[in-house]
There are 2 protein chains.
Amino acid sequence: MFFTTIASVMFPRMENTYNFKVGMTCSGCSGAVTRILSKTEGVKSFDISLEKQTVSVVAAGLTQEQVFETIKKSGKPTEII
Amino acid sequence: MFFTTIASVMFPRMENTYNFKVGMTCSGCSGAVTRILSKTEGVKSFDISLEKQTVSVVAAGLTQEQVFETIKKSGKPTEII
């Protein structure tokens with residue numbers, strides 16, 4: 001995590017993949033996370049699994065912590081995995 | 001809305017009630033809005049109806065616009081009513 005943070009600051013165009021566990025119980029929940037990530041600058045693509053309760057984000061110029069805080073704003077229980 | 005905005009700026013301790021229509025499809029959705037509002041300074045109390053798809057917020061020192069933006073961060077479709 002330390003090195004990806006350093007790398008994302010030094011090479012803002014480099015893409016990183018970050019994985020999170022997010023408590024989502026219905027398609028409304030995953031839809032909310034979709035809306036948030038779609039609007040976040042630097043997020044290149046993402047994959048949400050309602051079944052596995054996971055969110056995988058490919059981002060450029062964003063640290064894992066920044067993406068974590070963005071998803072957490074949804075009000076869903078979120079943790080870095 | 002104009003007068004409540006002016007009033008909330010002039011009398012920050014005055015309480016106002018703001019109503020919103022929020023697209024929530026399960027208890028996970030309403031739980032997310034609950035977590036967000038619980039953490040928002042100035043929010044005195046709130047009432048969430050999953051059945052009616054409404055959120056009523058009693059706030060002090062916050063404009064309707066500020067509460068609207070706070071709820072919107074959940075990623076749920078939100079409108080002022």
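Structure's up top.
Residues numbered from 1 in each chain as written. Chains lettered and ligands numbered in written order. Predicted model: local features only at pLDDT ≥ 70, side-chain atom pairs only at ≥ 80, totals over all residues. Heavy atoms only, no water.

Asker: Whenever I open this one, the relation of the copies chain B and chain A confuses me. Can you help?
Answerer: Note that the two copies of the chain are related through a rotation about an axis and a translation along the same axis. Rotating chain B by 180° about the axis while translating it 0.0 Å along that axis superimposes it on chain A, leaving an RMSD of 0.0 Å. Taken together, the rotation angle and the small translation identify this as a two-fold axis. When C-alpha positions in chain B are compared against the rotation axis, the closest is assigned to B:Ser74, at 1.9 Å. Most of the interface of chain B is mirrored in chain A, where 100% of its interface residues are also at the interface. (Least-squares fit on C-alpha atoms with pLDDT ≥ 70 in both. Contact = heavy atoms within 4.5 Å.)

Asker: Mind showing me how you'd approach the nonpolar core here?
Answerer: Soluble globular proteins: nonpolar side chains tend toward being buried together. Core analysis: the largest hydrophobic core is formed by 32 residues, its most contacted members being A:Val57, A:Ile71 and B:Val57. At the level of elements, strand 1 (15-22), helix 2 (27-38), strand 3 (54-60) and helix 3 (64-72) of chain A together with strand 1 (15-22), helix 2 (27-38), strand 3 (54-60) and helix 3 (64-72) of chain B are the ones that each hand at least two residues to this core. If we ignore the near neighbours within four places in the chain, the residues touching B:Val57 are B:Asn16, B:Thr17, B:Tyr18, B:Phe20, B:Leu37, B:Val43, B:Ser45, B:Phe46, B:Val67 and B:Ile71. (Core = buried A, V, L, I, M, F, W, Y, C linked by side-chain atoms within 4.5 Å. Buried < 20%, exposed > 50% of the residue type's maximum accessible area, 1.4 Å probe, protein only. Helix = DSSP H or I, 4+ residues; strand = E, 2+ residues; numbered from the N terminus.)

Asker: Help me understand the sheet that holds strand 4 (residues 78-80) of chain B in this model?
Answerer: All names here are of chain B. As summarised here, the arrangement of the four strands in space is 2-3-1-4, forming an open sheet in which the pairing is antiparallel. The open sheet has two free edges, formed respectively by strand 2 (43-49) and strand 4, since each of these has just one partner strand. Taking the axes of each pair of neighbouring strands and ignoring which way they run, one obtains an average angle of 25° across the sheet. With six bridges joining them, strand 2 and strand 3 adopt antiparallel strand pairing. Of the residues in strand 3, the one forming a bridge with Asp 47 is Ser 56. (Pairing = 2+ DSSP bridges. Axes fitted to C-alpha atoms, helices over the stretch in contact; angles between N-to-C directions.)

Asker: It is not clear to me how the sheet that holds strand 1 of chain A should be interpreted in this structure. Could you clarify?
Answerer: Sheet strands pair via backbone hydrogen bonds, and the direction of the pair is either parallel or antiparallel. Residues and elements named next belong to chain A. The antiparallel open sheet is built from four strands, whose spatial order is 2-3-1-4. Edge positions in the sheet fall to strand 2 (43-49) and strand 4 (78-80), since each has one partner strand and no second. Taking each pair of neighbouring strands and ignoring which way they run, the sheet shows an average axis angle of 25°. Across three bridges, strand 1 lies against strand 4 in antiparallel orientation. For Phe 20, the partnering residue across the bridge sits in strand 4 and is Ile 80. Across the sheet, helix 2 touches strand 1, strand 2 and strand 3, and the angle it forms with strand 2 is around 175°. Together, strand 1, strand 3 and strand 4 form the strand contacts of helix 3, whose direction differs from that of strand 1 by roughly 40°.

Asker: I tried to follow the interface of chain B and chain A on my own but got confused; where do I start?
Answerer: Accessible area lost during the coming together of the parts is what is often quoted as the interface size. On the side of chain A, twelve residues touch chain B, which itself brings twelve residues to the contact. Here chain B and chain A share an interface that buries about 950 Å² over both sides, 52% of which is from carbon and sulfur atoms. On the chain B side of the contact with chain A, B:Arg35, B:Lys73 and B:Gly75 bury the most area, a combined 38% of that side's loss. Counting every contact that joins chain B to chain A gives zero salt bridges. Counting every contact that joins chain B to chain A gives four residue pairs in polar contact (both at pLDDT 80 or more). Across the side of chain B that touches chain A, the residue classes tally to five nonpolar, four polar and three charged. (Buried area = accessible area lost by both parts, 1.4 Å probe. Salt bridge = Lys/Arg side-chain N within 4 Å of Asp/Glu carboxyl O. Polar contact = N/O pair within 3.5 Å; in protein donor to acceptor, adjacent residues only side chain to side chain. Nonpolar A, V, L, I, M, F, W, Y, C, P; charged D, E, K, R; others polar.)

Asker: Even after reading the chapter, I still don't get the packing of aromatic side chains, so can you show me in this structure?
Answerer: Two measures describe an aromatic ring pair: the distance that separates the ring centres and the angle between the ring planes. All names here are of chain A. This model, assessed by the stated rule, comprises two aromatic pairs over all chains. For the ring pair Phe 20 and Phe 68, a centre distance of 6.5 Å and an interplane angle of 20° mean the geometry is stacked. With a gap of 48 residues between them, Phe 20 in strand 1 and Phe 68 in helix 3 connect regions that are remote in the sequence. An identical accessibility class is assigned to Phe 20 and Phe 68; each is buried. (Phe/Tyr/Trp six-rings, centres within 6.5 Å; stacked < 30°, edge-to-face > 60°.)

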